[in-house]
Amino acid sequence: MTRLMSKRILFSYLIAVMSLQWGIELVGKEVFGGGPQSAFMNVWIKLAALTLACGLGSLLLFRKVEAAAQAQAAQGEQEADDKIRATLDSIKDGYYETDIDGHFTFFSQSLSDLLGVPAEELGGSHYSAFMNEAHAEKLRQTFKWVQQTDVPVNCVEWEVLGDGQPARFVESSIVLINGIDGGAPAGFRGIIRDITERRDSEIELEESRNRYKSLYEHNPDLVCSFSLDGRLLTANPATETITGYDTSKLLGSECEPFMKQESVARTVLYFRRARNGESSSFEMAILHKEGHPVELQVRLVPIIVGGEVVGVFGIGKDITEQKISEQTINHLAYHDALTDLPNRRLFQEKLSLALKHAICSRQRLALMFLDLDRFKYINDSMGHNFGDQLLQIVAKRLTGCLQGQGMIARMGGDEFTILLPVVQGEEEVETVVRSIIQSINRPFMIAGQECSVTTSIGISMYPDDGADVSMLMKNADAAMYRAKEKNPNAYEWSTPSMSADALERHAIEQELRKAGARNEFVLHYQPQVNLGSGEVVGIEALLRWDHPTRGMVSPADFIPLAEETGLIVGIGEWVLRTACRQNKEWQLAGYQPVRMAVNLSVSQFMQDNIVEIVSGILEETGLEPRYLELEITESVAMRNADKVSVKLEKLKNLGLQISIDDFGTGYSSLSYLQQFPINRLKIDRSFVNKVTQSEDDAVIASSIIAMARSLKLEVIAEGVETAEQFDFLRRRACTEMQGYFFSRPLPAGEIVELLRYAEDEERAAIV
């Protein structure tokens, strides 16, 4: 409209000018040439002047209108530019325009923020200033390609260089800005978008995928996915390892045919729970391709997509070895490791069940306790390995005697129990007992050596001898001990009096445990005399139990019990310490120094730290080692001769003396006697007692003395009670003796009467 009005005004202006020019010409002719039309021309001139004035006014008006229109247009364009810039600045992505060389000519504030460069610095700068050289080269090639092909490019990724700022990654689009009317390209425009978070998410997603893939492919556990109808969809490599099947051939099949039958119902139940969105864990068993069972710890997990269960994950850990270990541990918990027989725990459980059944069915039940006679002697003399093999053979023989009619268990040591859950009477039980005795009496051949043992058996029956497990076992045990005391290699039935004996034995054991704390143990001392001079050259410390109500208890009544219960170790250490302290006190009192003989029990001697214990007691009491003699029995010395020899050597190196007690009762080898670091042999009292009555015993005693002399060992005979025995030993050149013939064991206060005072120089050396 503005342009149309402008044209009209211009046309009017031209007409006015032309009219004015024509009027002037006419006036000129009138003035200069004269004529009748001067009045008309005057009017025309006025009209032309008016038209000219109007044209000039219109022209002025046009210019004002045009200026206003231009101002309005400029304002509109500015507003449009402002709106465009505001729109670009409100977008997180950065907008840019560059010249053909890549210098920024226009950009949004978002781009300035994205690149971390103020707007005044960004204008005119080159895009390559904000990236490393590798990315700059990539963009140069891309800009070049876009310029040549006029094909836009999207998603060119590059890293923004930041001064100490965290790394940021962006992607750019590049569009060619063509020239006007097909002219040369003016530059490029595009969008630059921050993809740091997206890239991090993609990296995390990729890492997550890789972790899952690693977890899936390298997991040692079975990992499978199933459809809702239970068909196998995917399986990891471990599935093939665990099952033995080629899983690629199993895809799409059901798993029920591969399960052990007892696992099918349980697995179906938990699979249904997983389909309902509930995870569960349980144990099941499948069959390996080779036919053996595989135990699995399985967890079923629902696969939920969009809030819907679309499948089930199954994760299975092979616990076959664990199950085998559990079974082994359970077996060991209820069975004896040496003989594989049921142990005490399992036997008592089975006895309890059998007793309940016998009570309900009103039937009789028999219980037997048995142990091997002389087993301790065999075990000590022949060694633990020999004894273990003997127990294993005994277990097999006992099992054969029962022929599946009852249960046999090893209670510990050489003690066994037998349960006959249903018996008609005593004759049936005695038939089994006689069969056991005959079987045990047959010789045993072990490691090329023949060995013979016997057994003592005690029997109790329900309901005659007890109505509960404890009473039946106690009475059978008491009957066994009665059989052993009365007539080994036989059996005894439980009687009411035996129950009293068992209670008495239990009472003694409990009192024995408290005796040390109550200072009830005392030592008596028996002198050892030189047969040539008659002087006391040694003293043996002998343990006694001075009970407050029972009086002086015989060693035979409590020493075996102390050894059986293990109390002998603590008691033995007390004996050693007390004897050493007493000997030192006698020396300090001025008596002639003599050696103190102390017997070490099997349990004491076998302690790993026995050398340190002895050394510590000598240091504690101040007794010189040469005045201490340790006695070990021949059976102990021969149980493991090589190890015993090493331990004896260590003890001997302390400076003390060593003797072999009860010599002649074991299986000593001359070669071992030669290598043992010993000082003397003690002839067992069983030979000394009959040297004047039994030719065999006399020969044995004489041979021991002669052998000891050849080995340059001293000999001491114990249990000498008569003048005839004394004369026999003196004629055979026996070195020393001890026994009632010279003196019974005496308390410390009385035996000093048999000791002589030391000479002044000896006393000075002791002090």
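Since we're looking at a predicted model, the values are computed, not measured.

Asker: Help me get a handle on the overall build of the chain, residues and values and all.
Answerer: A count of helices and strands for the chain gives 27 helices and 26 strands. Taken over 767 residues, the chain has a buried fraction of 42%. On the chain, roughly 41,000 Å² of surface is accessible, and the fraction owed to carbon and sulfur atoms is 53%.

Asker: Go over the sheet that holds strand β7 (residues 232-235), please, and point to the residues and values.
Answerer: The 5 strands lie next to each other as β7-β6-β10-β9-β8, forming an open sheet whose pairing is antiparallel. Whereas interior strands pair on both sides, the edge strands pair on one side only; in this sheet they are β7 and β8 (280-287). Strand-to-strand twist across the sheet, computed as the mean angle between neighbouring axes with direction ignored, equals 30°. Bridge count between strand β9 (residues 293-305) and strand β10 (residues 308-318): 10 bridges; the pairing is antiparallel. Its bridge partner lying in β10, Val301 is registered against Phe313. Lying over the sheet, helix α8 (residues 261-275) contacts β6 (222-226), β8, β9 and β10, oriented at roughly 140° with respect to β8.

Asker: Please provide a residue-by-residue account of the confidence of the model for the chain, values included.
Answerer: Of all residues in the chain, 84% have pLDDT values of 70 or greater, and the mean over the chain is 84. Between residues 26-34, whose pLDDT stays under 50, and residues either more than four places distant or in other chains, the model counts 10 contacts. Between residues 760-767, whose pLDDT stays under 50, and residues either more than four places distant or in other chains, the model counts 9 contacts.

Asker: Break down the layout of surface pockets for me, citing the residues and quoting the values.
Answerer: Put simply, the second largest pocket is a space of about 630 Å³. Sort the elements by how many residues they give to the lining of the second largest pocket and α8 lands first, with 5 residues. When the residues that make up the lining of the second largest pocket are grouped by side-chain class, the tally is 20 nonpolar, 8 polar and 5 charged.

Asker: A description of empty space enclosed by the protein should follow, citing residues and the corresponding values.
Answerer: Enumeration according to the criterion identifies 1 cavity of 30 Å³ or more in this entry. Approximately 60 Å³ is the volume found for the largest cavity. Surrounding the largest cavity, Tyr96, Thr98, Phe104, Tyr127, Leu139, Phe143, Trp158, Ser172, Ile174 and Ile192 form its lining. When contributions to the lining of the largest cavity are tallied by element, the ones reaching two or more residues are β1 (94-99), α5 (133-149) and β4 (168-177). Class assignment of the residues belonging to the lining of the largest cavity gives a composition of 8 nonpolar, 2 polar and no charged.

Asker: Residue-level account of α5, with values.
Answerer: Here α5 spans 24 Å end to end across 17 residues, near enough to the 24 Å set by a 1.5 Å rise per residue. Within α5, the full set of buried residues consists of His135, Ala136, Leu139, Thr142, Phe143 and Val146. The arc that holds every buried residue of α5, seen down its axis, measures 125°, which confines them to one face. Every exposed residue of α5 that faces more than 90 degrees away from the buried side is listed here: Glu133, Ala134 and Gln148. Contact partners of the buried residues in α5: β1, β3 (153-160), β4 and β5 (187-194). The distance from a side-chain oxygen at the start of α5 to the backbone nitrogen of Ala134 is 3.2 Å, and the residue carrying that oxygen is Asn132. A positive phi of about 55° marks Asp150, the residue just after α5.

Asker: Outline the packing of helix α10 (residues 344-361) against helix α14 (residues 469-486), listing residues and values.
Answerer: The N-to-C vectors of α10 and α14 enclose an angle of 115°; their axes lie 10 Å apart at closest approach. With respect to the hand of their crossing, α10 and α14 are arranged in right-handed fashion. Note on element contacts: α14 touches α10 through Val469, Leu472 and Met473, opposite Arg344, Gln348, Leu351, Ser352 and Leu355. Looking at the contact of α10 with α14 residue by residue, the classes come out as 5 nonpolar, 2 polar and 1 charged.

Asker: Give me helix α17 (residues 568-588): which residues, what numbers.
Answerer: The first and last C-alpha atoms of α17 sit 30 Å apart over 21 residues, in line with the 30 Å expected at 1.5 Å per residue. Looking at the residues trailing α17, positive phi occurs at Gly590, about 105°.

Asker: Can you lay out the sheet that holds β1 for me, pointing to particular residues and giving the numbers?
Answerer: Overall, antiparallel pairing links the 5 strands, which are arranged β2-β1-β5-β4-β3 in an open sheet. Across the chains shown, the open sheet's two edge strands, defined by having one partner strand only, are β2 (104-107) and β3. The sheet shows a mean angle of 30° between the axes of neighbouring strands, taken without regard to direction. Pairing geometry for β3 and β4, over 6 bridges, is antiparallel.

Asker: How would you explain the environment of Leu232 if you had to name every residue and give the values?
Answerer: With respect to the helices, strands and loops of the structure, Leu232 is situated in strand β7. When the C-alpha positions of Leu232 and Glu254 are compared, they lie 6.3 Å apart, and in sequence the two are 22 residues distant. Sequence-distant contacts of Leu232, defined by excluding residues within four places in its chain, comprise Cys224, Ser225, Phe226, Leu250, Leu251, Gly252 and Ser253.

Asker: Summarise unusual backbone geometry; cite the residues concerned and give the values.
Answerer: With an omega of 5°, the peptide bond between Tyr462 and Pro463 qualifies as cis. Summarising the element assignment, Pro463 is placed in the loop between β16 (454-462) and α14. Within the chain, Ala447 stands out as a residue other than glycine whose phi angle is a positive 50°. Mapped onto the secondary structure, Ala447 falls in the loop between β14 (444-446) and β15 (449-451).

Asker: A description of the nonpolar core should follow, citing residues and the corresponding values.
Answerer: With 79 residues, the main nonpolar core has Ile539, Trp586, Val614, Leu628, Phe676, Leu681 and Leu729 as its most contacted residues. Considering each element in turn, this core owes the most residues, 7 residues, to α17. The residues touching Val614, leaving out its near neighbours within four places in the chain, are Leu576, Leu628, Leu630, Leu651, Leu654 and Leu656. In terms of nonpolar packing, the next biggest core, distinct from the first, is built from 34 residues, Ile378, Cys401, Val433 and Val453 among them.

Asker: Can you lay out the environment of Val423 for me, pointing to particular residues and giving the numbers?
Answerer: Looking at the element boundaries, Val423 is found in strand β13 (residues 415-423). By relative accessible area, Val423 is classed as buried at 3%. Taking the C-alpha atoms as reference points, Val423 and Arg364, 59 residues apart in sequence, are found 5.6 Å from one another. In this view, Val423 contacts Arg364, Leu365, Ala366, Glu428, Val429 and Met461; residues no more than four positions away in its chain are not counted.

The rules behind the values
- Residues numbered from 1 in each chain as written.
- Predicted model: local features only at pLDDT ≥ 70, side-chain atom pairs only at ≥ 80, totals over all residues.
- Heavy atoms only, no water.
- Helix = DSSP H or I, 4+ residues; strand = E, 2+ residues; numbered from the N terminus.
- Buried < 20%, exposed > 50% of the residue type's maximum accessible area, 1.4 Å probe, protein only.
- Areas by Shrake-Rupley, 256 points an atom, 1.4 Å probe, with all protein chains shown as cover.
- Pairing = 2+ DSSP bridges.
- Axes fitted to C-alpha atoms, helices over the stretch in contact; angles between N-to-C directions.
- Contact = heavy atoms within 4.5 Å.
- pLDDT = per-residue confidence, 0-100.
- 1 Å grid on protein atoms, 1.4 Å probe; cavity = no way out; pocket = protein on both sides within 12 Å on 5 of 7 lines; lining within 4 Å.
- Points joined across faces, edges and corners; volume = space filled by probe spheres on them.
- Nonpolar A, V, L, I, M, F, W, Y, C, P; charged D, E, K, R; others polar.
- Expected span 1.5 Å × (residues − 1).
- Arc of directions from axis to C-beta.
- Polar contact = N/O pair within 3.5 Å; in protein donor to acceptor, adjacent residues only side chain to side chain.
- Left-handed = near helix turned anticlockwise from the far one by under 90°.
- Core = buried A, V, L, I, M, F, W, Y, C linked by side-chain atoms within 4.5 Å.

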